[in-house]
Amino acid sequence: MGLLLEVRDLHLYYRTIKGVVQAVDGVDLRLEEGKVVGLVGESGCGKSSTANAIMKLLPKNTARYDGEILFDGVNIIDLDDEIFRREYRWKRIAMVFQGAMNSLNPVIKVGDQVAEPLILKEGYTRAEAEARVKELFRMLNLPESFVNRYPHELSGGMKQRVVIAMAMVLEPQLLILDEPTSALDVSVQAQIMNLLKKLKELKRMSMIFITHDIALASDLSDYMAIMYAGKIVEFGTIEEVLLDPKHPYSQGLIAATPVLSRDVPPKFLPGNPPSLINPPKGCRFKDRCKYRMDVCDNEPNSIKLSDSRYVKCFLYH
Ligand code: SF4
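Residues numbered from 1 in each chain as written. Predicted model: local features only at pLDDT ≥ 70, side-chain atom pairs only at ≥ 80, totals over all residues. Heavy atoms only, no water.

*Asks:* Hey, could you run me through the site of the ligand in this one?
*Replies:* Close contacts around the ligand come from His247, Pro248, Cys283, Phe285, Lys286, Cys289, Tyr291, Cys296, Cys313, Phe314 and Leu315, and that covers them all. For the shell around the ligand, a count of residues per class yields 9 nonpolar, 1 polar and 1 charged. (Near = heavy atom within 4 Å. Nonpolar A, V, L, I, M, F, W, Y, C, P; charged D, E, K, R; others polar.)

Pasting the structure below:
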């Protein structure tokens, strides 16, 4: 299994009137072909910013964007923006944005919205594009006839399938899904998760699945990256992180997840994440950590615990 994506020491900072927000601060991430990594953490920890950095979708107030994003061996940070737009974005790396199903164009039939990049970017005729969209709809368990429907004629779950079809239509190697089920009720959420599992099997597609819900991530992912205050504090296989979490924040996230089969109430993590404008020096989790030591006023390095696993915490130094 080849390595598709390797992110090294990625930084993405934003300028605001209150100061510079260190949204992504030294992130490392690896993803093999055909595998899924769940990127998990509380709201505002930098998950979406990491995804935007990989898509090179940078807002005008970007203050810092550096590091390495090696996609198939090419550092896309150094790539010319026009080359990236033409050859990578949507074609090789696609993304389902948070809340994207609410931004479908209300006056264009959903089939035409999905077909547009095939016609504009790939030179398909209208008939060829429609045939491809119908094939995609069948795979996503949407009736073919829905190509002629408008967004308001579809339920939330159906709209989300259309949005996934839009991201998949050019057959990207990497699909980034940012909270793709957060606006859906539980039964529809389960349908979308089953659909993503089917796509993973059928298409051998690599995915980054972004969520604040560790249980949901474990349903689809092969690897888990736990993110806190702009940094990935633990990375490992799903079994390693779920069965034996090492970082105190990972332990807290798992302890806060209700388990139906056990009569143990969830334990909630005390405190709040720090401001990313003036984050604390050293370990950013130290104000919430019951194991805090003097040394935690320094920045913890990544400690390799196995071939697939690292943790940033002085308990393992
Ligand atoms: Fe806690 Fe220190 Fe580890 Fe941070 S480095 S998680 S404060 S023990």
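*Asks:* Got a minute to help me understand the sheet that holds strand β3 (residues 36-40) in this structure?
*Replies:* Either a parallel or an antiparallel arrangement is found when strands of a sheet pair, and the pairing is made through backbone hydrogen bonds. Pairing within the open sheet is mixed, and its 8 strands lie in the order β6-β7-β8-β3-β9-β10-β12-β11. The sheet is open, and its two borders are formed by β6 (93-96) and β11 (303-306), each paired with just one other strand. Ignoring strand direction, the axes of neighbouring strands in this sheet form an average angle of 20°. Contacting β3, β7 (174-178) and β8 (206-211), helix α6 (residues 186-203) runs over the sheet at an angle of about 160° to β8. Packing of helix α9 (residues 248-255) onto the sheet brings it into contact with β3, β9 (223-228) and β10 (231-237), and relative to β9 it is tilted by some 105°. (Pairing = 2+ DSSP bridges. Helix = DSSP H or I, 4+ residues; strand = E, 2+ residues; numbered from the N terminus. Axes fitted to C-alpha atoms, helices over the stretch in contact; angles between N-to-C directions. Contact = heavy atoms within 4.5 Å.)

*Asks:* Explanation requested: the pattern of salt bridges in the structure shown.
*Replies:* Pairing of side chains with opposite charge becomes possible as their charged atoms draw close. If you walk through the whole model with that rule in mind, you get 28 salt bridges. With a closest N to O distance of 3.4 Å, Lys203 and Glu171 form a salt bridge. Of the two residues, Lys203 sits in helix α6 while Glu171 sits in the loop between α5 (156-168) and β7, which places them 32 residues apart along the sequence. With a relative accessible area of 34%, Lys203 lands in the partly exposed category. You can call Glu171 partly exposed: its relative accessible area is 46%. Beyond isolated ion pairs, a larger network of salt bridges with shared partners links Glu6, Arg8, Arg30 and Glu68. (Salt bridge = Lys/Arg side-chain N within 4 Å of Asp/Glu carboxyl O. Buried < 20%, exposed > 50% of the residue type's maximum accessible area, 1.4 Å probe, protein only.)

*Asks:* Explain unusual backbone geometry here, please?
*Replies:* Working note: non-glycine residues mostly have negative phi, and peptide bonds are mostly trans. Notably, Arg204 is not glycine yet its phi reads approximately 50°, a positive angle. Positionally, Arg204 belongs in the loop between α6 and β8. For Ala229, which is not a glycine, the phi torsion comes out positive at approximately 50°. Position of Ala229 among the secondary structure elements: in the loop between β9 and β10.

*Asks:* How should I be thinking about the layout of surface pockets in this particular structure?
*Replies:* The probe, sized like a water molecule, is rolled over the atoms to show the empty space still left. Its boundaries defined by the atoms lining it, the largest pocket holds a volume of some 490 Å³. The wall of the largest pocket is formed by 20 residues, among which Trp90, Gln113, Pro117, Met166 and Ala167 lie closest to the centre. Taken together, the elements giving at least two residues each to the lining of the largest pocket come down to β6, α3 (110-122) and α5. By residue number, the principal contributor to the lining of the largest pocket is α3, which donates 6 residues. When its residues are assigned to classes, the lining of the largest pocket shows 15 nonpolar, 3 polar and 2 charged. In this model, the second largest pocket occupies a volume close to 350 Å³. Forming the boundary of the second largest pocket are 19 residues, of which Arg30, Phe235, Asp307, Ser308 and Tyr310 lie nearest the centre. Of all the secondary structure elements, the ones that give two or more residues to the lining of the second largest pocket are β1 (3-16), β2 (19-32), β11 and β12 (309-311). It is β2 that provides the largest number of residues to the lining of the second largest pocket, a total of 5 residues. Tallied by class, the residues present in the lining of the second largest pocket amount to 8 nonpolar, 3 polar and 8 charged. (1 Å grid on protein atoms, 1.4 Å probe; cavity = no way out; pocket = protein on both sides within 12 Å on 5 of 7 lines; lining within 4 Å. Points joined across faces, edges and corners; volume = space filled by probe spheres on them.)

From the geometry alone we can't say anything about function, so treat these as descriptive.
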